[in-house]
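Here are the chains, one letter per residue:
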Amino acid sequence: MIVRAKLVPFSIVASAAAIISAWPLLAQDSGAVTNGTEPPSRYEFDAGVEVSGEHIDNIFLTPNNRRSDFVTVLSPWAEMSYRSENFRLNLEANADIGRFSEYGSEDYEDYFLGADALFRINENAFLFGGLDYTIGHEGRESPDDVGGLVPTELTEAGAYFGIGGRLDERTYRLGVNVRELDYDDTPALGGTINNDDRDRVQTEVGGRIGIARTDSGEFFLQGIYDKREYDQAADDSGYERSSAGYQAALGYTGTFGPFRGEGLIGWMSQDYDDAAFSTTTTLDFGAELGMSFGPETELDATLERSIEETTLTGASGYISTTGGVRLR
């Protein structure tokens, strides 16, 4: 087991409009579709472009002989939405095009297409679902990218669906999330890194239910079953990488003083098919918080912990802790 921690650097992003968020597997906010206050049917379209720059003091993440560079990222995006009394649909397309000043081998072009929809059955229940497709690259912080002359490219396709609503004044949500990852082989000194043994399908089945309401929010219990099935029975080193696991957590959604959002704490575990790997069990925690400083300024903060995959010889995976702060 490899343990790694990564902190997303603070950034200031200027944007003409907020990105339309997809309805993730266990998202909580259902009030907008259960209170019967939807506006008349309407279409909306928005588009824009963001330009950002970042100086990286160790672009290859090497312990010695570090190399630094400046990267400029161009991020165009477009969104379209449809709203009616009982239905809403969001479509989104965006890209991140990165160009390094000196090390052109690190240049990248990432693209994303996504759609999500929600249909209200009645005042107490709604259906939700979505599709997305990504052509992207893997950052140098990945333990599987060691030795590649260029970042590893991959495609990712996902679909999710479920039902949610209220039951005796308690919110609930049940859903399924399926993702397929396909990694390209990567050029390396003396040959090519074979990444076919990393291709896999990840399936999550989970639910959330409120257990106690407060004046400003709700406490909830959340559970997820996590199945990871590799296309190849064994990787290039002979290890069976497929696994199954779970996440169980207690959380709160609502307001926290000046903040609004949610946080949770619990336990997660992953059990691997290969007898050489012991079960990985660790603390789970996460948060998504926002605070407004007026009608046009907002501070967002995120924190997430997960058990990630690797095909490094002798390692079952790694625990990733990520955090980020954004001022808009």
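Above this note sits the structure.
K.L.:
Teacher, can you tell me more about the overall build of the protein chain here?
P.N.:
For the protein chain, the helix and strand inventory stands at zero helices and 18 strands. Counting every position in the protein chain, which comprises 328 residues, the buried fraction comes to 41%. Restricting to contacts in the protein chain with at least 6 residues of sequence separation, those with at least 24 account for 58%. Here the protein chain displays about 17200 Å² of accessible surface, and carbon together with sulfur accounts for 57% of that area.

K.L.:
Explain the side chain of Glu92 to me, please; I cannot follow it from the model alone.
P.N.:
Looking at the secondary structure, you find Glu92 in strand S5 (residues 87–100). Notably, Glu92 is buried but unbridged: the nearest opposite-charge side chain belongs to Arg326, and the N-O separation is 9.5 Å. Only 2.7 Å separates the side chain of Glu92 from the side chain of Asn94, close enough to count as a polar contact.

K.L.:
What is the right way to look at the pattern of salt bridges in this model?
P.N.:
Any two side chains of opposite charge can pair, given that their charged atoms come close. Counted by the stated rule, this structure contains 15 salt bridges. In this structure, Glu262 engages Arg208 in a salt bridge whose closest nitrogen and oxygen atoms are separated by 3.0 Å. Of this pair, Glu262 sits in strand S15 (residues 259–272) while Arg208 sits in strand S12 (residues 200–213), and the two are 54 residues apart along the sequence. Notably, a salt bridge pairs Arg328 with Asp300, separated by 3.8 Å at the nearest N-O pair. Of this pair, Arg328 sits in the segment after strand S18 (317–327) while Asp300 sits in strand S17 (residues 298–309), and the two are 28 residues apart along the sequence. Looking at Asp300, the relative accessible area reads 16%, which means it is buried. Members of the salt-bridge network, linked through shared partners, are Asp132, Glu156 and Arg179.

K.L.:
Explain unusual backbone geometry to me, please; I cannot follow it from the model alone.
P.N.:
Peptide bonds are, in most cases, trans, and in most cases residues other than glycine have a negative phi. If you check the backbone angles, Leu61 has positive phi at about 50° while not being a glycine. Judged by relative accessible area, Leu61 falls into the partly exposed class, the value being 46%. Its identity as a non-glycine residue notwithstanding, Asp168 has a phi of 55°, on the positive side. Tracing the backbone through its elements, the reader meets Asp168 in the loop between strand S8 (153–167) and strand S9 (170–183).

K.L.:
Even after reading the chapter, I still don't get a nonpolar patch on the surface, so can you show me in this structure?
P.N.:
Judged by side-chain polarity, Ile209, Ile211, Phe219, Leu221 and Leu250 come together as a nonpolar surface patch covering roughly 390 Å² of accessible area. At the level of secondary structure, the elements contributing two or more residues to the nonpolar patch comprise S12 and strand S13 (217–230). Mapped onto the fold, Ile211 is located in strand S12.

K.L.:
What's the story with the packing of aromatic side chains in this structure? I'm lost.
P.N.:
Summed over the entire model, instances satisfying the criterion amount to nine aromatic pairs. Their ring planes at 45° and their centres at 4.8 Å tell us that Tyr43 and Tyr82 sit as a pair that is tilted. Note that Tyr43 is positioned in strand S3 (residues 42–56) and Tyr82 in strand S4 (residues 69–83), a separation of 39 residues in sequence. The interplanar angle of 90° and the centroid separation of 5.6 Å between the aromatic rings of Phe60 and Tyr103 together place this pair among those described as edge-to-face. In this pair, Phe60 is assigned in the loop between S3 and S4 and Tyr103 in the loop between S5 and strand S6 (108–122), connecting sequence segments 43 residues apart. Accessibility expressed as a relative area gives 18% for Tyr103, which makes it buried. Here Arg198 stacks its cationic end above the ring of Tyr183, 3.9 Å away from the centre of that ring. Directly above the aromatic system of Phe220 lies the positively charged group of Arg208, at a separation of 3.7 Å from the ring centroid.

K.L.:
Even after reading the chapter, I still don't get the environment of Asp300, so can you show me in this structure?
P.N.:
As a C-alpha pair, Asp300 and Val325 span 25 residues in sequence and 5.7 Å in three-dimensional space. Apart from residues lying up to four places away in sequence, Asp300 is in contact with Leu289, Gly290, Gly324, Val325, Arg326 and Arg328.

K.L.:
Sorry, what's going on with the nonpolar core here?
P.N.:
If you look at soluble globular proteins, the nonpolar side chains tend to sit buried side by side. Judged by nonpolar contacts, Ile59, Val71, Val73, Phe100, Tyr103 and Tyr108 together constitute the single largest core of six residues. When neighbours within four sequence positions are excluded, Ile59 is seen to be in contact with Arg67, Ser68, Asp69, Phe100, Tyr103, Glu106 and Arg140. Grouped together as the second largest cluster of nonpolar side chains are five residues, Met268, Tyr272, Phe277 and Ile307 included.

Calculation rules
Residues numbered from 1 in each chain as written. Predicted model: local features only at pLDDT ≥ 70, side-chain atom pairs only at ≥ 80, totals over all residues. Heavy atoms only, no water. Helix = DSSP H or I, 4+ residues; strand = E, 2+ residues; numbered from the N terminus. Buried < 20%, exposed > 50% of the residue type's maximum accessible area, 1.4 Å probe, protein only. Contact = heavy atoms within 4.5 Å. Areas by Shrake-Rupley, 256 points an atom, 1.4 Å probe, with all protein chains shown as cover. Lys, Arg positive; Asp, Glu negative; His and termini not counted. Salt bridge = Lys/Arg side-chain N within 4 Å of Asp/Glu carboxyl O. Polar contact = N/O pair within 3.5 Å; in protein donor to acceptor, adjacent residues only side chain to side chain. Patch = residues over 30% accessible without salt bridge, like charges linked within 9 Å, V, L, I, M, F, W, Y side chains within 5 Å. Phe/Tyr/Trp six-rings, centres within 6.5 Å; stacked < 30°, edge-to-face > 60°. Lys NZ or Arg CZ within 6 Å of the ring centre and 35° of its normal. Core = buried A, V, L, I, M, F, W, Y, C linked by side-chain atoms within 4.5 Å.

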